[in-house]
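Chain by chain, the residues run as shown.
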Amino acid sequence: MVALDGVDLQVHDDEIFGLLGPNGAGKTTLIKILCTLLLPTDGQAYIKGLDVVKQASQIRRLINLVSGGETPGYGILSVKENLWFFSQLYGLSRDFAKDRVSKLMDQLELQNYANTRMSKLSTGYKQRLNLARGFVNDPAVLFLDEPTLGLDVLSARHLRTLVKSWIQTGGKTVLLTTHYMAEADQLCDRVGIINQGRILALDTPQRLKAKVASGASWKIEITPNLQQLDSIKNIPGMVGISQTDNIETGVSTLKLILQDESAMSDLLTQIRQNGSKVLNMGKSEPTLEDVYISLVGTGLE
Amino acid sequence: MAVADFIKSARESFRVGWKIESNWTDPVLFATYQIVRPLASLLIVAFIVIIGASLGTSASAGFYSQYLAWLIVGNAFYAYVLQVMLGMAILVHVDRTEYEVLKNIYISPGTLHPYVIGRGLVSVLNGTVSVILTLIFSVLIFNGLLHYNIPLNLLQVNVFMLFPAVILGIIGLLAIGYMLCAVTIVSNRMEFVLGDSVSGIFFLLGGVIFPVTGLPTLIQPISRVLPITYFLNAIRESFGLLPTGQYLSDLGFLALTTVVTVALGIGLFRLAEQRARKLGLIDRKSEY
Amino acid sequence: MTTREELVTNLRAAYARMWVRLKGSNREVTGLIVEIGLPILTIGAYVILYRTIGLSIQAGAAVIIGGAMVAFWTNVLWNMSAQWFWERESGNLEMYLVAPVSRMAVLLGMAMGGSLNTAMRAVGIVLLGVFIFQVPFQLHDPFSAAFVFVLTIAALYTLGMMFASLFMLYGREAYHTANLLQEPVYFLSGAYFPAIYTPIVPFALQATASLIPMTIGLDAIRRLAIYGGDITTVWLHILALIACTAILFPLAKRSLNYMESLGKKEGRLTLRWQ
C-alpha cells in the first residue's frame, strides 16, 4: 500500500502551511515522517536543512507535535505538573520552565485548572493542555495533526486564534493537517490539497479559489436526493459535483463546478428524470471545497 | 429476558471474549502460555516439598510423595481461580476504557448478565486448558522424568465425583467474579490489583498448597466459608488423595457456599450497576 | 547542542521521569496497600507450607527476602519492560520519541523511580513479614548487604531496559509476555526456595537460573542477612552482578536503537490496540 506518492513541497519560514485532504489521504503519514516517527521508504525530507533520517536528534530540538483526538500526558498528574514534566524533556532549567509553564497556562486560560488532575479535564481543556505542551519548548516548527478533531465550534475557534497569535511572535512555522476546509481557509497562508498520497494543488487559498472561479460554481437545492451521481459526473462540461443530504428537512444540496454552463440544461434534465424537484439554485463564491471538488471530482465525504 | 435470548447473548459474548483472548498469537504459543505460568507455580511449591524431603525432616518418606500429589492437584485446579479472578476483574476496564463498547452493550436490549457470564466462561475455558495441561505435564515431569512415583493416576480419577465438584466450583468462582465486576464498575483503577489480591487471598486461605488446618486458628473459620476450600477438597477426593467418606459433606458445603456466593454476587452486581448508572460511570474512561 | 548541554537535558529528563513515577505511584493509597499486602499473602502461604513440611525456621526468612525481591521483579516487568507498551497505548510514546532526549535517559528515570518506590515497599514487606511470622535474621555485615542489594537492583533494571526495547514494538504480546515471565522467573531464581547450591535442583536448572541477576542477588542477600555471612562469602556474586550490568547496559542501548529503527521502518511505533 502506497501512503505517499511523489510528494514534493516546500514550507517557508513564518508560514502556516495547511495540508488538506480526506481520511486516508496520507496527511498523518507525512507528518510522522517529518517528526522523525517514521522512516520514508524513498526520497528525502528536511527540516531547517536537517535530514529527517540522518539528523533526527538535531531536528527534535526544533520541533513539536500536537495531534488532535489524543491527549498525551499523565492523568494522575495536574495540569501544571504535566507541563513541567514536558518542559524537562526539552532540558529547560527549573526557573525558566516554571516561568514558561506559568505563561502558557495564562495564554491558554488554564490557570484555574493548574492543580486539577488531567484525567478530570473536559475534552476541550485537555486539548488546550495538549497545545500548551506543544508550545512548551517554543519550537521553530510546530506540527498540528488535525488539532481541532473532536472539539466543539467555540473551542476549535479559540485554538485557531491561539495558533495564529503564537506564530505572530516570529521565527515560527506551522504545518497543519486537517480535513476541515473552513479551518484551512481561515488559518493557512498556503494550502496543499492531498488525495491518495498525491499533492493535487499547492497555493494560497485565494489563488486556489480564483482558479476555480474560472469555472462556474453552483449551489442547487433539491428534494429528494439524487440516487446516482455517476451519470451526472459524466455530463460534458461537468468538472465535479458533491451532494450533501439534510436528513431532517429531506433537502439535498448539490455543489458543482461547471466548465461549460451549457451542462446546466443536461443536469436539470437528469434531476427531473430522477424525480427530484429543484427548490433553489444559484451561483456561489468558490470555496476550498469547490477547489477540492474540481480537482478530485467528488466532495470530501 | 427470554432464556433463548439470554443464552444467545452469553454465547456471543463468549465468542467475542475468546477471539480477544486467543487471537494475539498462534495456537501453539497460546497453549504454551496457558501452561507455563501454572506449571511454574506448581514447580515452586513442588520443589519446596522435594527440598524438604531431601533434608530429611521428621515426616516419613511416603508423606512427601503423597503431599506432592495432593499439592499438584490443588495447584492445578487453582488455575480456575486465577483465570476467573484475573479475567473478570479486568473485564469492565477492557470493555469500558480500551474498547469503549460497554456503553453500547449496556444500552442494547437485555441486561449485562449474559455479557458477564459469557466473558467469564472464556476465563473458565482458559482455566480448563491450564488444568488439563498442568496435570499431564506434572505427571510426566515427576513420575516420568524425575521418578518420584507420586500416587497420581489421571486415568483413575472418579469422574462422577469430579464433574459435580468442578461444575459447582466454577459457578461459585463466576459468582465471585461477578462481585469483582461489581467493584470495578464503580471504582477507578482497582481492576489492576483486584484480581491478584483476591486470588492471593484464596491462595493463602483456600487449602491450595497446605491444608487449612495449617493456618492460624483465628483465620481458619474464614477458610470454612469459602467455596474454594470445599472445591479443592472434593476434587482431591475424586482423585483418591483424600478419604472419599468426606466427599458428600464437602460437596454439600460447596453447594451451600456456592448458593450464598451466587446470591451475593448477583445482588452486589445489581447494586453496582444502579450506582454506576446514577453516577454516569458506565461510559467513564479511567486514565492513569 | 554541546555535549554538556545534551547531558544536562538527558539528566533533567531522567529526573522528571523519575519524579512522575514517584508522584503517580504514591497518589493512589490503595495501590500502596496492595503492593505490600499482596506479597505478604503469598509469603504467608509459603511460610506456612515450609512449616507444614517441617522445614527450618530460617526457611521462612528466606521466603520473606524472596518475596521482597519478587516485588522488584514485578516492577521491572510491568513498570519498566512493558512501560513503552503502556506509553504507546496512552499516546505518550510519540511525545517521547519527538523530544530531543535519549530513550535511555527516560528509561533510567523510570528505573530510578521504580526502584525507589519498590524499595520502600520491600522494606515494608520485610518488616511486616518479620513481625507477623517471627522469623530470625542474622545480619552481621549490613554494608555488604546494602552494596549487594544496590548491585542487584542495577542489574535487574538494566535487564528491564533491555526488555523495554523489545516491548516497544509489541502489541498485546507485551502484556502476555510480561505475564509469562513472572512465575517462571520466581521458580528459576529461587524466590521462594534456594535454587542454587542445592543438590536436589538439577545442575542445568541452576546454571540457567544463574543467568538471571535476581537469582545471584537473592542468594547473596540471603547469605548475608540470614546466615550471617560477610563480603568474603559473596565476592563471586558481586563480580557476577557487576558483569551482568556491564554486559546488559550496552546491549540494552543497542537493542533500543535497533527496535526504534525497526519500528520507524515498519510504522509500528505509534500503532495502538493491536
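By convention here, each chain's residues receive numbers from 1 onward along its written sequence. For this description, chains carry letters from A and ligands carry numbers from 1, given in the order in which they are written. At least 70 in pLDDT is required for a residue's local features to be given in this predicted model, at least 80 for side-chain atom pairs to be given and counted, and no such filter applies to totals for whole chains, interfaces and linings, which use all residues.

## Remarks on the overall build of chain A
Starting at the N terminus, helices and strands are each numbered in turn, a helix being any DSSP run of H or I of at least four residues and a strand any DSSP run of E of at least two. The secondary structure content of chain A amounts to 11 helices and 12 strands. Seen along its three principal axes, the alpha-carbon backbone of chain A occupies a region of about 70 × 45 × 35 Å. Here, residues touch in the contact sense if the C-beta positions derived from the backbone fall within 7 Å of one another. Of all intrachain contacts in chain A linking residues separated by at least 6 positions in sequence, the fraction that spans at least 24 positions is 71%.

## A look at the sheet that holds strand β7 (residues 190-195) of chain A
Strand pairing in a sheet relies on backbone hydrogen bonds, with the paired strands running either antiparallel or parallel. Residues and elements named next belong to chain A. Two strands pair under a simple rule: DSSP has to find at least two bridges between them. As summarised here, the arrangement of the 6 strands in space is β4-β5-β6-β1-β7-β8, forming an open sheet in which the pairing is mixed. Sheet topology places β4 (63-67) and β8 (198-203) at the edges, where each strand pairs with a single neighbour. Each adjacent strand pair in this sheet contributes to an overall mean axis angle of 15°, direction not counted. In terms of strand pairing, β4 meets strand β5 (residues 141-145) through 5 bridges, oriented parallel. Bridge pairing in β5 places Asn64 opposite Leu142. Here an axis means a line fitted to C-alpha atoms, over the contact stretch when the element is a helix, while the angle between two N-to-C directions is reported on a 0 to 180 degree scale.

## A look at the packing of helix α3 (residues 79-88) of chain A against helix α4 (residues 94-107) of chain A
All names here are of chain A. α4 packs onto α3 with a crossing angle of 130° between their chain directions and a minimal axis gap of 10 Å. Classed by the angle they form, the pair α3 and α4 counts as oblique. Here α3 and α4 pass one another in a crossing that is right-handed. Residues Val79, Lys80, Leu83, Trp84, Ser87 and Gln88 of α3 lie in contact with α4, whose contacting residues are Ala97, Arg100, Val101, Leu104 and Met105. Here the contact of α3 with α4 is built from residues that sort into 7 nonpolar, 2 polar and 2 charged. When an angle is under 35 degrees it counts as roughly parallel; over 145 it counts as roughly antiparallel; between 65 and 115 it counts as roughly perpendicular; any other value is oblique. Crossing handedness is defined as follows: a turn of the near helix away from the far one that is anticlockwise and smaller than a right angle gives a left-handed crossing, while the clockwise case is right-handed. Here the nonpolar group is Ala, Val, Leu, Ile, Met, Phe, Trp, Tyr, Cys and Pro; Asp, Glu, Lys and Arg are the charged ones; every other residue, Gly included, is treated as polar.

## Examining the pairing of strand β9 (residues 216-223) of chain A
Residues and elements named next belong to chain A. As paired strands, β9 and strand β11 (residues 251-258) are joined by 7 bridges and run antiparallel to one another. Within the sheet, the bridge partner assigned to Ile222 lies in β11 and is Ser252. Bridge analysis of β9 against strand β12 (residues 277-283) gives 6 bridges, and the strand direction is antiparallel. Considered in β12, the bridge of Trp218 is made with Lys283.

## Some details on the domain arrangement of chain A
Residue and element names in this part refer to chain A. We note that the domain assignment places domain 1 (16-204) and domain 2 (209-296) within chain A. Throughout, the edges of the domains are those of an automatic or database domain assignment. Each of domain 1 and domain 2 has a C-alpha centre, and the two are 36 Å apart. Secondary structure elements with two or more residues in the side of domain 1 that touches domain 2: α7 (181-187), β7 and β8. Split into classes, the residues belonging to the side of domain 1 that touches domain 2 amount to 7 nonpolar, 1 polar and 1 charged.

## Structural notes on the environment of Gln196 of chain A
Topologically, Gln196 of chain A is positioned in the loop between β7 and β8. Taking the C-alpha atoms as reference points, Gln196 of chain A and Pro236 of chain A, separated by 40 residues in sequence, lie 25 Å from one another.

## Remarks on the sheet that holds β12 of chain A
Residues and elements named next belong to chain A. What the 4 strands build is an open sheet, ordered β10-β11-β9-β12; its pairing is antiparallel. Across the chains shown, the open sheet's two edge strands, defined by having one partner strand only, are β10 (238-246) and β12. Pairs of neighbouring strands in the sheet enclose a mean axial angle of 20°, with direction left out of account.

## Details of the environment of Asp185 of chain A
All names here are of chain A. Tracing the chain through its elements places Asp185 in helix α7. Remark: the alpha-carbon pair of Asp185 and Glu289, spanning 104 residues in sequence, is separated by 9.6 Å. Once residues lying within four places of it in the same chain are set aside, the contact partners of Asp185 are Pro205, Thr287 and Leu288.

## Digging into the pairing of β8 of chain A
Residue and element names in this part refer to chain A. As paired strands, β7 and β8 are joined by 5 bridges and run antiparallel to one another. Residue pairing across strands places Asn195 opposite Arg198, the latter belonging to β8. If you look at the hairpin formed by β7 and β8, you'll find 2 residues sitting between the two strands, and Gln196 has a positive phi there, around 50°.

## Section: helix α3 (residues 57-81) of chain C
Side chains of residues three or four places apart in an α-helix project in the same direction, reflecting 3.6 residues per turn. By definition here, a helix of n residues has an expected span of 1.5 Å times n minus one. Taking 1.5 Å as the rise per residue, α3 of chain C with 25 residues should run 36 Å; its terminal C-alpha atoms sit 35 Å apart, in good agreement. Throughout, the bend at a residue refers to the angle made by two axes, fitted to the seven residues ending there and to the seven starting there. A maximum bend of about 25° is found in α3 of chain C at Asn75 of chain C.

## Focus on the interface of chain C and chain A
Between chain C and chain A, the residue contacts involve 26 residues of the former and 24 residues of the latter. Every element with two or more residues in the side of chain C that touches chain A is listed here: α1 (3-25), α5 (93-98) and α12 (235-266) of chain C. Looking at which element gives the most residues to the side of chain C that touches chain A, the answer is α1 of chain C, with 10 residues. Each residue belonging to the side of chain C that touches chain A can be placed in one class, and the counts come to 13 nonpolar, 6 polar and 7 charged.

## Thoughts on the environment of Met88 of chain B
All names here are of chain B. Residue placement: Met88 occurs in helix α3 (residues 61-98). For Met88 and Thr184, which are 96 residues apart along the polypeptide, the C-alpha to C-alpha distance reads 9.4 Å. With residues near it in sequence (within four places) discarded, Met88 still touches Gly120, Ser123, Gly177, Leu180 and Cys181.

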